[in-house]
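# Survey of secondary and tertiary structure
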Amino acid sequence: MLWIRIKSRLLLSYRKFMLRSGFKKWMLRNRYGERILVFHGVDSVGETRYNSRFFSKEYFETFIQYITEHYNVIPLDDFYQKKFKPNTLNIALTFDDGYLNNYEYVVPILKKHNVPACFYITTIHEKTSYLFPDFIDLVEFHSPKKELVFERNVYQRSSRNEFVWNGVSLKNIAKALPYEVLELLYKSLQQDWLNLKPESLAEYWKLMKPKQIKEIADDPLFTIGAHGETHASLIDIPIERAKAEILNSKQSLETICKQSIDEFAFPFGFYTKELADYCLEIGYKKVLLVDYNTISDKKQEALQNRFVMNPYISMDLQLVCLLQNSYY
Ligand SMILES: [Zn+2]
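What this report covers is the structure whose coordinates are included nearby. Given the structure is predicted, the values throughout are model-derived calculations rather than measurements. (Residues numbered from 1 in each chain as written. Predicted model: local features only at pLDDT ≥ 70, side-chain atom pairs only at ≥ 80, totals over all residues. Heavy atoms only, no water.)

What follows concerns the pattern of salt bridges. Within this structure, the stated rule accounts for 18 salt bridges. A salt bridge links Arg306 to Asp96, with the shortest nitrogen-to-oxygen separation between them at 2.9 Å. On the criterion of sequence distance, the pair formed by Arg306 in the loop between strand 14 (303–304) and strand 15 (307–308) and Asp96 in strand 5 (residues 89–97) is long-range, its members being 210 residues apart. For the pair formed by Arg306 and Asp96, the shared burial category is buried. For Lys214, the salt bridge is made with Asp218, and the minimal N-O distance between the two is 2.8 Å. Within this pair, Lys214 and its partner Asp218 are both found in helix 9 (residues 210–218), separated by four residues, close to a single helical turn. In this structure Asp218 comes out as partly exposed when scored by relative accessible area, which is 47%. Members of the salt-bridge network, linked through shared partners, are Arg53, Asp134, Asp137 and Lys171. (Salt bridge = Lys/Arg side-chain N within 4 Å of Asp/Glu carboxyl O. Helix = DSSP H or I, 4+ residues; strand = E, 2+ residues; numbered from the N terminus. Buried < 20%, exposed > 50% of the residue type's maximum accessible area, 1.4 Å probe, protein only.)

With that settled, consider the coordination of the zinc ion. Under ideal tetrahedral coordination, the four donors around a metal are separated by 109.5 degrees; under ideal octahedral coordination, the six donors are separated by 90 or 180 degrees. Binding of the zinc ion to the protein goes through Asp97 (OD), His227 (NE2) and His231 (NE2), at separations of 2.0 to 2.1 Å. Taken in chain order, the donor set of the zinc ion reads D-x129-H-x3-H. Taken together, the positions of Asp97 in strand 5 and His231 in the loop between strand 11 (222–226) and helix 10 (239–257) put the pair 134 residues apart, joining distant regions of the chain. Given a relative accessible area of 5%, His231 falls into the buried group. (Donors = N, O, S within 2.8 Å, 3.2 Å for Na, K, Ca; no water.)

Core analysis: the largest hydrophobic core is formed by 70 residues, its most contacted members being Phe63, Ile67, Leu93, Leu110, Phe119, Ile224 and Phe266. By residue number, the principal contributor to this core is helix 13 (residues 315–324), which donates seven residues. Each residue touching Leu93, except ones within four places of it in the same chain, is listed here: Leu37, Phe39, Ile64, Ile67, Val73, Leu110, Val115, Pro116, Ala117 and Cys118. Phe150, Ile173, Leu189 and Leu207 belong to the second-largest nonpolar core, a separate cluster that totals 31 residues. (Core = buried A, V, L, I, M, F, W, Y, C linked by side-chain atoms within 4.5 Å. Contact = heavy atoms within 4.5 Å.)

This part is about unusual backbone geometry. Positioned with a positive phi, His231 is a non-glycine residue whose angle comes to about 65°. Notably, Asn325 is not glycine yet its phi reads approximately 65°, a positive angle. Mapped onto the fold, Asn325 is located in the segment after helix 13.

Geometric values such as these leave the question of function open.
Structure representation (structure tokens):
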């Protein structure tokens, strides 16, 4: 892991150096192939201190203009049917988590440039108004607390400003918690949450409501897919519970959108073969990952990996990595 991280840093530095040294044109020369991109949130200013999942709307629009001008941006359906253009990069766009900022910023930009996309929604909005990673990120950033006692464990602040117990961050532990336990966490940090004036930070946690999800589903440019109910890591919770998340999020979105939902994106990209098979068994036709677990998964056409966008690097460097299909 450490070697991969060092290698990735070295390669990014090398690419940065090459871009600065006048090799930009050469590095961004046309390459061929196919990519499905993953975005999460888009905000008004490009704040990256709270999390690693947001781009500014300005960056986003410039990026969309660039890829529509230089590459072939296609609907995911066409991607699955391999309707690719030769001699260019074929790109499909996906957005995970179902943030309200997708509705407010992303959708108008995509409509303006006539760019198709898929939105993968967690159906947690039926129970609470935020996802646990956003709740924890924002509380960790704003709360003055040095430690936190939760489920009889004492979490201390780490050098990265996270609450950590036994070397594991609270956010990582939360990935495997059943919703009833997460609710206890929300309760114990409720005052910290209110103190950070959540309404003023709405861009960083608010999720779409059914009305907005339906509006996107009705637009022929876009499709809606499921992303589980609670955003738990489905490989870290009991299998029956994971299957229920996969099934219930499908059914609940079908009720909202009044159409069949046949796309599923695994939260964090974590999956097992059994869960991927279950997705196909209950009617999902497209199952989106981040990385394949095995070579045989790669051969299964319903499963597709995706390229996660990185808000910490310049657009040129992002494009170079995208063309290479790798950050390292
Ligand atoms: Zn997600």
